[in-house]
Amino acid sequence: PLYRKLADHLGISPEHLLLTRGTDGVIKTVFETFIEPGDLVVATRPTYQMYGVYAQVYGARMSFVDYQIVDDVPYIEPGAMSAAIRSQRPKLVALPFPDNPVGYAFNTEELRDIIETAGEVGALVLVDEAYYPFHDATALPWIQEYGHLVVGRTFSKAWGMAGIRLGFCAATPALSEILHKSRPMAEADGVALEMASRMLDHETEMLAS
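Keep in mind that this is a model prediction, so the values were computed, not measured.

Comments concerning the overall build of the chain
Along the chain, the regular secondary structure elements total eight helices and nine strands. Computed over the C-alpha atoms, the radius of gyration of the chain is 16 Å, within 12% of the 17 Å expected from 2.2 N^0.38 for a compact globule of 209 residues. Seen along its three principal axes, the alpha-carbon backbone of the chain occupies a region of about 45 × 40 × 30 Å. Put simply, the chain has 209 residues, and 50% of those count as buried. Considering only contacts within the chain whose residues lie at least 6 apart along the sequence, 67% involve residues at least 24 apart. If you sum the accessible surface of the chain, you get close to 9800 Å²; carbon and sulfur atoms cover 52% of it. Charge separation in the chain, taken as the distance between the mean sites of 16 positive and 27 negative side-chain charges, equals 8 Å.

Spelled out as structure tokens, the structure:
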């Protein structure tokens, strides 16, 4: 039932979705499904530490686009990420949106360019939207356009339910079907599913808080 309710909430079909144990579960499932020893993963630096952890677990090589400090804030030159993807041709581009721990977010034009460049070289793109809607820009509607895009979200941050360990990813039905092949036998317990389902009835209160 939560698949149907969440899909209706997001304006997509249940076939686009996979429930996971938080966005860490999204990351793990993407690595487990698509990454083989020696594959290259491109990410920003610094970024969320679990990309490096799962790269080690699954034998991937990491390549980084480093942040600069401009006017005392982290910054990546426009086009730098796309240039790295084009030249290195990775298997996966891992991109928290906004990034953790630096809080930087590409504008939507740059994000789309990164996704399209990844598609040109045959790379998968994981856009981790754990902090949506604190940062209310989203790539989720683009899953209809890009068959190589996975968008992850969680109930841990804005919904305030980190303890239930529930997240999800959205992708095209064809890509989601492949991701389902790597899901654990029980991606969430019944209490977590029921709590998330009830909270979806209170989005107004979540946004107000």
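A few points about the pattern of salt bridges
As enumerated under the stated definition, the model contains eight salt bridges in all. The closest approach of N and O atoms between Glu 32 and Lys 28, which form a salt bridge, is 3.1 Å. Separated by four residues within a single helix, Glu 32 and Lys 28 lie in helix α2 (residues 22-34), roughly one turn from each other. What makes Glu 32 partly exposed here is its relative accessible area of 36%. Of the residues examined, Lys 28 reaches a relative accessible area of 33% and is grouped as partly exposed. Among the ionic pairs, Arg 198 bridges to Glu 194, the shortest N-O distance being 2.8 Å.

Regarding the sheet that holds strand β1 (residues 17-20)
Overall, mixed pairing links the seven strands, which are arranged β1-β9-β8-β7-β6-β2-β3 in an open sheet. The open sheet has two edge strands with one neighbour each: β1 and β3 (61-66). Averaged over all pairs of adjacent strands, the angle between strand axes in this sheet comes to 20 degrees, irrespective of strand direction. In this sheet, strand β8 (residues 149-154) lies alongside strand β7 (residues 124-128) in parallel orientation, the contact comprising four bridges. Opposite Leu 126, over in β8, you have Val 150 as the bridge partner. Along the sheet, helix α3 (residues 50-58) contacts β3, β6 (92-96) and β7; its crossing angle with β6, the most-contacted strand, is approximately 155 degrees.

What counts and what doesn't
Residues numbered from 1 in each chain as written. Predicted model: local features only at pLDDT ≥ 70, side-chain atom pairs only at ≥ 80, totals over all residues. Heavy atoms only, no water. Helix = DSSP H or I, 4+ residues; strand = E, 2+ residues; numbered from the N terminus. Rg over C-alpha atoms; globule rule 2.2 N^0.38 Å. Buried < 20%, exposed > 50% of the residue type's maximum accessible area, 1.4 Å probe, protein only. Contact = heavy atoms within 4.5 Å. Areas by Shrake-Rupley, 256 points an atom, 1.4 Å probe, with all protein chains shown as cover. Lys, Arg positive; Asp, Glu negative; His and termini not counted. Charge placed at Lys NZ, Arg CZ, Asp CG, Glu CD. Salt bridge = Lys/Arg side-chain N within 4 Å of Asp/Glu carboxyl O. Pairing = 2+ DSSP bridges. Axes fitted to C-alpha atoms, helices over the stretch in contact; angles between N-to-C directions.

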